[in-house]
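Residues per chain, in single letters:
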Amino acid sequence: MIDLEVIHRVQETLIARKDAAPDSSYVASLYAKGTDAICKKVAEEAAEVIMAAKDGDRLHLVREVCDVWFHTLVLMTHFGIGVDDVMMEFRRREGISGIDEKKSRGTK
Ligand SMILES: N=c1c2ncn([C@@H]3O[C@H](COP(=O)(O)OP(=O)(O)OP(=O)(O)O)[C@@H](O)[C@H]3O)c2ncn1[C@@H]1O[C@H](COP(=O)(O)O)[C@@H](O)[C@H]1O
């Protein structure tokens, strides 16, 4: 299993891009366009994930999922949310997952 090191590394780059000139990189230009433009990219990439899921090409789907994760990471970084914040939320949900498992078995 590959750990989350790569995502942390990419987020470090995204943090550094906050101080970069808008025309110096793709991410810096997205920050300069603002929240609406970043959200639009997330929505576009999510739509592309759906299309890839329907065309049945596994590699295409992996690449589109990577695009949506990446643009979500840009959005998170724009709002000062770290990878660890989301990992903590996953861990919290793991702690309550027993309740959901019972529900899915119909035992309440
Ligand atoms: N992981 C990525 C990554 N994934 C996708 N993209 C870019 O996201 C853009 C949008 O993808 P699209 O499929 O919509 O392509 P497009 O139609 O050309 O894009 P638009 O003109 O519509 O915005 C493309 O330009 C991709 O190159 C990425 N750009 C950067 N990264 C990472 O972010 C770091 C910082 O990037 P820069 O700020 O560009 O140096 C890089 O070192 C990488 O690690």
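Residues numbered from 1 in each chain as written. Predicted model: local features only at pLDDT ≥ 70, side-chain atom pairs only at ≥ 80, totals over all residues. Heavy atoms only, no water.

**A look at the nonpolar core**
As a reminder, the rule being used: Only buried residues count toward a nonpolar core, which is a set of Ala, Val, Leu, Ile, Met, Phe, Trp, Tyr and Cys residues joined through side-chain atoms within 4.5 Å. Exposed residues in this analysis have more than 50% of their type's maximum accessible area, buried residues have under 20%, and partly exposed residues fall in between, with area computed by a 1.4 Å probe over protein chains only. Counting from the N terminus, the helices are the DSSP runs of H or I reaching at least four residues and the strands are the DSSP runs of E reaching at least two. In this description, contact between two residues means that some pair of their heavy atoms is separated by no more than 4.5 Å.
One finds Leu14, Val27, Leu30, Tyr31, Ile38, Val42, Leu73, Val74, Leu75, Met76 and Val83 forming the largest nonpolar core, which totals eleven residues. The dominant element in this core, judged by the number of residues it contributes, is helix H4 (residues 58-78), at four residues. Sequence-distant contacts of Val74, that is, excluding residues within four places in its chain, are made with Leu14, Leu30, Tyr31 and Ile38.

**A look at the side chain of Ser25**
Defined as follows: Side-chain atoms alone can form a polar contact between residues adjacent in sequence; in general such a contact is a pair of N or O atoms within 3.5 Å, and within protein one must be able to donate a hydrogen while the other accepts it.
Within the element layout of this structure, Ser25 appears in the loop between helix H1 (5-16) and helix H2 (26-33). Assessed through its relative accessible area of 17%, Ser25 is described here as buried. Only 3.4 Å separates the side chain of Ser25 from the backbone nitrogen of Val27, close enough to count as a polar contact. A distance of 3.1 Å separates a polar atom in the side chain of Ser25 from the backbone nitrogen of Ala28.

**Quick look at the environment of Ala20**
Turning to its location among the elements, Ala20 is positioned in the loop between H1 and H2. Overall, the relative accessible area of 28% leaves Ala20 in the partly exposed class.

**A short note on the site of the ligand**
Definition in use: When at least one non-hydrogen atom of a residue lies within 4 Å of a molecule or strand, that residue is treated as near it. In this description, accessible areas are obtained by the Shrake-Rupley approach with a 1.4 Å probe, and a residue is regarded as covered only by the protein chains that are shown. Ten residues, namely Ala, Val, Leu, Ile, Met, Phe, Trp, Tyr, Cys and Pro, are considered nonpolar, four, namely Asp, Glu, Lys and Arg, are considered charged, and the remaining ones, Gly among them, are considered polar.
Close to the ligand lie Val10, Thr13, Leu14, Arg17, Ser25, Tyr26, Val27, Lys41, Glu45, Asp67, Phe70 and His71, which account for all nearby residues. Between the ligand and Val27, the relevant distance is 3.3 Å, taken from an oxygen atom to a main-chain nitrogen or oxygen of the residue. Burial of the ligand by the surrounding chains reaches 50%, relative to a free accessible area of 830 Å². Its residues placed into classes, the shell around the ligand shows five nonpolar, three polar and four charged.

**Here we look at the confidence of the model for the protein**
Interpretation of the predicted coordinates at a detailed level should be avoided for regions scoring low in pLDDT. This is how it is decided: One confidence number per residue, pLDDT, is output by the predictor and ranges from 0 to 100.
Looking at the protein as a whole, its pLDDT mean stands at 92, while 90% of the residues score no less than 70. With pTM at 0.89, the complex prediction returns an ipTM value of 0.91.

**Details of the packing of helix H3 (residues 35-55) against H4**
Two packed helices can be described by the angle between their axes and the distance between those axes. Selection rule: Throughout, an axis means a line fitted to C-alpha atoms (over the contacting stretch in the case of helices), and angles, computed between N-to-C directions, take values from 0 to 180 degrees. Any angle from 65 to 115 degrees is called roughly perpendicular, while one under 35 is roughly parallel, one over 145 is roughly antiparallel, and all others are oblique. Throughout, a crossing is termed right-handed when the near helix is turned clockwise from the far one, and left-handed when it is turned anticlockwise from it by less than a right angle.
Viewed as axis vectors pointing N to C, H3 and H4 meet at an angle of 160°, and their least axial separation amounts to 8 Å. Comparing their axes, H4 and H3 come out roughly antiparallel. Where H3 crosses over H4, the handedness of that crossing is left-handed. Residues Thr35, Ile38, Cys39, Lys41, Val42, Glu45, Ala46, Glu48, Val49, Ala52, Ala53 and Asp55 of H3 touch H4, and the partners they reach there are His60, Leu61, Glu64, Val65, Asp67, Val68, His71, Thr72, Val74, Leu75 and His78. Here the residues of the contact of H3 with H4 are counted per class, giving twelve nonpolar, five polar and six charged.

**Some remarks on the pattern of salt bridges**
The cut-off we apply is this: Take a side-chain nitrogen of Lys or Arg and a carboxyl oxygen of Asp or Glu: if they are within 4 Å of each other, that pair is a salt bridge.
Throughout the structure, instances matching the rule amount to six salt bridges. When the shortest N-O distance is used, the salt bridge between Lys41 and Glu44 registers 3.3 Å. A residue pair is termed a helical-turn pair when its members lie 3 or 4 positions apart in one helix, as Lys41 and Glu44 do in helix H3 at three residues. Classification of Glu44 by relative accessible area gives partly exposed; the value is 30%.

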